[in-house]
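# Descriptive analysis of the structure
Residue strings, one per chain:
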Amino acid sequence: MSLGIKYDENYDFLFRMPDDIMPPSSAYRFDPGQNEVFLGNVRLIYEGYQKFTVEETNHLKEFFKRVDKNKPEFSGVTIPLVLRYLYAHKFNYDKAVESLVTYFRWRNSDLKQVTVTPRLVQALESKFFRIVGRDKYYRPLFVVTPKYTLNNPEWIDEIEHTCYFIMQHFVHYMLIPGCVENCTVIIDFSGLGMLNVPKDALKKIIASFQNNYRARLGKMYILNVSFLVKAIWMIVKAFIDPVTKLKIQLTNSATHPELLQLVHPDQLPKEFGGNAELSAEAWPPTFSGGRIRDEFDEEHVTEEELKKRIVENDKVVPPPELAQFAREHCKNRKQKGKKTYYFKDRIEIRDSFNGIIEDKGLKEKPAKKDEIAESPKHTDQQQKMGEKAKIKSIEIVKIKEIPVIEAVSYTHLTLPTICSV
């Protein structure tokens with residue numbers, strides 16, 4: 001897994017992420033319950049050590065019977081990814097295949113065309129689409145504020161690429177497979193009338209989620225909606241899938257009772273009923289640093305239990321403080337001739353974030369000179385952004401491409417492996 005977007009040293013400050021966007025240690029011990037794994041009858045958590053139901057297993061087996069695993073368009077497909085698209089198409093195998101082919105075409109072509117331009121920088125800094133914190137289930141909290149597009153028509157064309165840029169950082173740095181795989185979204189319609197709703201921009205964001213980031217939306221709250229928009233919604237929602245309707249709440253208020261229960265006041269901006277102050281800069285993301293939840297209850301496993309899971313299951317992602325323990329376990333598995341999948345890949349992603357490259361022996365080592373990108377000179381404005389976002393003055397290491405994990409490594413099922421490590 002790589003960021004998927006070409007690094008540009010001229011915009012180095014956009015790629016330097018503050019430490020606090022990474023999941024906190026407690027998130028690695030979070031054990032999602034049935035209500036977090038499923039919303040109604042649709043799965044939200046697909047990866048890590050999650051077990052699939054008998055019905056899901058049967059659908060997956062039937063799907064793989066219909067797929068030619070040697071076709072290049074399916075290079076890189078994994079079982080969780082297939083299951084996401086099967087759910088999205090209500091287990092219509094043909095539609096799922098078609099949609100997956102479209103996704104890989106986007107990932108291998110369109111996504112690689114995303115480059116940082118002055119207009120994309122303007123869009124990132126506009127506060128139109130930003131990440132501001134986490135909810136009580138550690139899911140990143142997005143805020144979309146359409147009114148910021150009204151005075152900036154020149155960068156509307158960059159909205160789609162801006163969404164990809166933000167979402168790739170979200171997927172790459174902010175999630176924990178098997179624990180945190182979704183986000184919570186607030187769309188704030190304040191300052192907008194029916195006639196100046198930026199429909200095109202909103203369509204691009206929705207299409208970005210729907211087409212290329214399947215099953216990443218946990219909950220969505222549409223706030224400060226006018227009476228007319230709400231009336232239209234009451235008509236439209238009759239034609240929306242019941243599960244999608246469960247994810248969306250719409251109100252003419254500046255907040256929602258469910259939102260206040262889902263997000264701790266320290267993480268929820270004041271504009272929506274919380275105590276958090278929104279940063280003056282929208283990108284890189286800067287969180288308030290407040291509490292995510294008041295207490296760590298039975299939904300969190302102990303360190304001993306987590307160690308036990310690491311030993312028993314190679315799909316459990318370790319927190320930073322147990323990374324060395326996981327590495328030693330991986331090394332032992334390798335010495336015994338057993339395959340090792342998840343630990344190396346996730347640790348390498350985390351370490352690349354911190355300026356460390358991991359070698360094939362699962363040992364840390366400093367980056368080589370030819371792996372270090374020389375930081376360009378920043379403007380005063382860029383330097384100011386870096387300081388306010390609490391960005392450490394570290395050398396940036398170009399993230400190596402990490403081999404795609406075998407499909408079978410993600411799950412307890414014995415299903416055909418359709419890509420190589």
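Residues numbered from 1 in each chain as written. Predicted model: local features only at pLDDT ≥ 70, side-chain atom pairs only at ≥ 80, totals over all residues. Heavy atoms only, no water.

Glancing now at the sheet that holds strand β5 (residues 183-188). With mixed pairing, the 5 strands of this open sheet are ordered in space as β3-β4-β5-β6-β7. The open sheet has two free edges, formed respectively by β3 (129-134) and β7 (248-250), since each of these has just one partner strand. Across the sheet, the mean angle from the axis of one strand to that of its neighbour is 20°, orientation sign disregarded. Two strands pair when backbone bridges link them, and β5 and strand β6 (residues 217-223) are joined in this way by 6 bridges, in the parallel orientation. Note on β6: the bridge partner recorded for Asp 188 is Leu 223. (Pairing = 2+ DSSP bridges. Helix = DSSP H or I, 4+ residues; strand = E, 2+ residues; numbered from the N terminus. Axes fitted to C-alpha atoms, helices over the stretch in contact; angles between N-to-C directions.)

We now examine the nonpolar core. Core analysis: the largest hydrophobic core is formed by 93 residues, its most contacted members being Leu 14 and Phe 142. The dominant element in this core, judged by the number of residues it contributes, is helix α8 (residues 159-173), at 9 residues. Among residues more than four places away in sequence, those in contact with Leu 14 are Val 116, Val 121, Leu 124, Phe 165, His 169 and Trp 283. (Core = buried A, V, L, I, M, F, W, Y, C linked by side-chain atoms within 4.5 Å. Buried < 20%, exposed > 50% of the residue type's maximum accessible area, 1.4 Å probe, protein only. Contact = heavy atoms within 4.5 Å.)

Attention now goes to empty space enclosed by the protein. According to the stated counting rule, one finds 5 cavities of 30 Å³ or more in the structure shown. Its volume calculated, the largest cavity comes out at about 90 Å³. Of the residues belonging to the lining of the largest cavity, the class tally is 9 nonpolar, 4 polar and 3 charged. (1 Å grid on protein atoms, 1.4 Å probe; cavity = no way out; pocket = protein on both sides within 12 Å on 5 of 7 lines; lining within 4 Å. Points joined across faces, edges and corners; volume = space filled by probe spheres on them. Nonpolar A, V, L, I, M, F, W, Y, C, P; charged D, E, K, R; others polar.)

When you line up the elements, Thr 251 lands in the loop between β7 and α12 (257-262). A distance of 3.1 Å separates a polar atom in the side chain of Thr 251 from the backbone nitrogen of Ser 253. Ignoring any residue separated from it by four or fewer positions in sequence, one finds Thr 251 in contact with Ile 222, Leu 223, Asn 224, Val 225 and His 256. (Polar contact = N/O pair within 3.5 Å; in protein donor to acceptor, adjacent residues only side chain to side chain.)

Buried residues of helix α13 (residues 303-312): Leu 306, Arg 309 and Ile 310, and no others. Within α13, the buried residues cover an arc of 100° as seen down the axis, which keeps them to one side. Those residues of α13 that are exposed and aimed more than 90 degrees away from the buried face are Glu 304 and Glu 312. (Arc of directions from axis to C-beta.)

As a further point, take the packing of helix α7 (residues 118-125) against α8. At a minimum axis distance of 9 Å, the contact between α7 and α8 shows a crossing angle of 65°. It follows that α7 is roughly perpendicular to α8 by the angle criterion. Note that α7 runs across α8; the crossing there is right-handed. Counted together, Leu 120, Ala 123 and Leu 124 of α7 and His 161, Thr 162, Phe 165 and Ile 166 of α8 form the full contact between these two elements. The residue makeup of the contact of α7 with α8, split by class, is 5 nonpolar, 2 polar and no charged. (Parallel < 35°, antiparallel > 145°, perpendicular 65-115°, else oblique. Left-handed = near helix turned anticlockwise from the far one by under 90°.)

Two faces make up the sheet, and in a regular strand the side chains alternate between them. Burial runs high along β6: 7 of the 7 residues are buried. Bridge count for β6 against β7 is 3 bridges, and the pairing is parallel. By the bridge assignment for β7, Met 220 is matched with Ile 248.

So, on to the packing of aromatic side chains. Here a ring pair, both rings aromatic, is described through the centre-centre distance and the interplanar angle of the planes. Here the structure, examined in full by the defined rule, presents 15 aromatic pairs. With a centroid separation of 5.2 Å and 65° between ring planes, the pair formed by Tyr 103 and Phe 104 is classed as edge-to-face. Since its relative accessible area comes to 2%, Phe 104 is described here as buried. One aromatic cluster is present, built from ring pairs that chain together Tyr 85, Tyr 103, Phe 104, Trp 106, Tyr 164 and Tyr 213. The residue whose ring lies beneath Lys 147 is Tyr 148, and the NZ or CZ to ring-centre distance is 5.7 Å. Stacked on the ring of Phe 325, the Lys or Arg Lys 307 has its end atom at 5.4 Å from the ring centre. (Phe/Tyr/Trp six-rings, centres within 6.5 Å; stacked < 30°, edge-to-face > 60°. Lys NZ or Arg CZ within 6 Å of the ring centre and 35° of its normal.)

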